[in-house]
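Below are the chains, spelled out letter by letter.
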Amino acid sequence: MAESGIEDGAYVITIDGPSGSGKGTISRLLANELGWRFLDSGALYRLVGLAAMSHAIAFDDERGLATLAAHLDVEFVSDDSGSGTKIFLEGEEVTTTIRSEACGNNASKVAAIQAVRDALYERQRAFLVAPGLIADGRDMGTVIFPDARLKIFLTASLEERASRRYKQLKQKGLDANLSALLEELAERDERDMNRSSAPLVAADDAVSIDTSNMSIDEVVAKVSDLWQRISV
Ligand code: C5P
């Protein structure tokens, strides 16, 4: 780690925040704009949750879940057609499956276990390649890339996040119910913010952006501008 905020020869911008704050969409767009790699760390926790279900490993079996996380057979395949990244678990495509709220909830249960987080640490660090990485998650700026050159913490009101998630799920052809989503997101926020292992919290040196009344393009432009200012 050099003093300029460049890690292993590559820059990192971390984008943390609660579910529905726009992290995923904004991170993907920024990665495209800069020609950098993208780490969707939430997908890894969703995959551990899904694999636990299919291997009948209980959510309180910490050792079993940590072993599963350490040996997770997962592949992220970039799609040249521009329609995003395809995700495979044990050879089976699960790109859409892992986006359900049930998978999100299971993800937040396995994510509260420190041994699972430890098992995924190196896998996340390995995403870092030159020229840079956009890292999306909950602890990117606090734990995984604490020396990132730019750290962003995105927020939005619970109502706005639930409504965004509702539209996203509908677009993907998945089941969605707005009042159930409000409850589930509140429950997930509570678990993510109050867990003892890497709780969801803004890094001291993060720039917080409330996206409640901003369009996606406005947020991307704002982060892009922040990056241009510090990278010259
Ligand atoms: O971002 P996403 O909604 O896909 O994340 C699913 C869950 O995974 C979150 O609710 C959180 O509990 C967990 N997570 C985490 N640390 C990360 C990314 C996600 O604990 N870096």
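All figures in this text were calculated on a predicted structure; none of them were measured in a lab.

About the cut-offs
Residues numbered from 1 in each chain as written. Predicted model: local features only at pLDDT ≥ 70, side-chain atom pairs only at ≥ 80, totals over all residues. Heavy atoms only, no water. Phe/Tyr/Trp six-rings, centres within 6.5 Å; stacked < 30°, edge-to-face > 60°. Helix = DSSP H or I, 4+ residues; strand = E, 2+ residues; numbered from the N terminus. Buried < 20%, exposed > 50% of the residue type's maximum accessible area, 1.4 Å probe, protein only. Pairing = 2+ DSSP bridges. Contact = heavy atoms within 4.5 Å. Axes fitted to C-alpha atoms, helices over the stretch in contact; angles between N-to-C directions. Core = buried A, V, L, I, M, F, W, Y, C linked by side-chain atoms within 4.5 Å. Expected span 1.5 Å × (residues − 1). Near = heavy atom within 4 Å. Polar contact = N/O pair within 3.5 Å; in protein donor to acceptor, adjacent residues only side chain to side chain. Areas by Shrake-Rupley, 256 points an atom, 1.4 Å probe, with all protein chains shown as cover. Salt bridge = Lys/Arg side-chain N within 4 Å of Asp/Glu carboxyl O. Parallel < 35°, antiparallel > 145°, perpendicular 65-115°, else oblique. Left-handed = near helix turned anticlockwise from the far one by under 90°. Nonpolar A, V, L, I, M, F, W, Y, C, P; charged D, E, K, R; others polar.

Enquirer: Just give me the short version of the packing of aromatic side chains, but keep the residues and values in it.
Expert: Scanning the entire structure with this criterion turns up three aromatic pairs. Between Tyr-11 and Trp-227, the aromatic rings sit 5.3 Å apart at their centres with planes inclined by 70°, giving edge-to-face as the arrangement. Note that Tyr-11 is positioned in strand 2 (residues 10–16) and Trp-227 in helix 9 (residues 216–231), a separation of 216 residues in sequence. Classification of Tyr-11 by relative accessible area gives partly exposed; the value is 25%. When the ring of Trp-36 is compared with that of Trp-227, the centres are 5.2 Å apart and the planes differ by 80°; the resulting orientation is edge-to-face.

Enquirer: Outline the sheet that holds strand 5 (residues 85–89), listing residues and values.
Expert: If you walk across this open sheet you meet the three strands as 4-5-6, and the pairing is antiparallel. With one partner strand each, in any of the chains shown, strand 4 (74–78) and strand 6 (92–93) form the two edges of the open sheet. Bridging between strand 5 and strand 6 involves two bridges; their strand directions are antiparallel. Directly across from Phe-88, in strand 6, lies its bridge partner Glu-93. Sheet strands in contact with helix 2 (residues 41–54) are strand 4 and strand 5, and its direction is about 30° off that of strand 5.

Enquirer: Go over the nonpolar core with me, naming the residues and quoting the values.
Expert: Core analysis: the largest hydrophobic core is formed by 36 residues, its most contacted members being Leu-39, Leu-47, Val-48, Val-116 and Phe-145. Contributing elements (two or more residues each) for this core: strand 2, helix 2, helix 3 (62–70), strand 5, helix 4 (101–110), helix 5 (114–125), strand 7 (132–137) and helix 6 (140–144). It is helix 2 that contributes the most residues to this core, eight residues altogether. Those residues in contact with Val-116 that lie beyond four places of it in its chain are Tyr-45, Val-48, Leu-65, Ala-66, Ala-69 and Val-110. Counting 16 residues, the second largest nonpolar core, distinct from the first, contains Ala-31, Trp-36, Ile-134 and Val-220.

Enquirer: Go over helix 1 (residues 23–34) with me, naming the residues and quoting the values.
Expert: Here helix 1 spans 16 Å end to end across 12 residues, near enough to the 16 Å set by a 1.5 Å rise per residue. Next to the buried residues of helix 1 lie strand 2, strand 3 (37–40), strand 7, strand 8 (150–155) and helix 9. Gly-35 sits one or two residues past helix 1 and shows a positive phi near 75°.

Enquirer: Now, about the site of the ligand: what can you tell me, with residues and values included?
Expert: Around the ligand, the structure places 17 residues, and the nearest of them are Arg-46, Arg-117, Arg-188, Asp-192 and Arg-195. With respect to the ligand, the side chain of Arg-117 contributes an N or O atom lying 2.8 Å from an oxygen atom. Separating an oxygen atom of the ligand from a side-chain N or O atom of Asp-192 is a distance of 2.6 Å. Calculation on the ligand without its partners gives an accessible area of 450 Å², and the protein chains cover 97% of this total.

Enquirer: Report on the pattern of salt bridges, specifying residues and quantitative values.
Expert: Tallying each qualifying case throughout the model produces 12 salt bridges. Notably, a salt bridge pairs Glu-101 with Arg-188, separated by 3.4 Å at the nearest N-O pair. Taken together, the residues Glu-101 in helix 4 and Arg-188 in helix 8 (residues 178–194) connect sequence positions 87 residues apart. Assigned by exposure class, Glu-101 and Arg-188 land together as buried. The structure contains a network of salt bridges with shared partners spanning Glu-101, Arg-165 and Arg-188.

Enquirer: Lay out the packing of helix 1 against helix 9 with the relevant residues and their values.
Expert: Across the interface, helix 1 lies against helix 9 with an axial gap of 10 Å and an inter-helix angle of 50°. The pairing of helix 1 with helix 9 is recorded here as oblique in orientation. Read as a crossing pair, helix 1 and helix 9 show a hand that is right-handed. On helix 9, the residues touching Thr-25, Ile-26, Leu-29, Leu-30, Glu-33 and Leu-34 of helix 1 are Ile-216, Val-219, Val-220, Val-223, Ser-224 and Trp-227. Class assignment of the residues belonging to the contact of helix 1 with helix 9 gives a composition of nine nonpolar, two polar and one charged.

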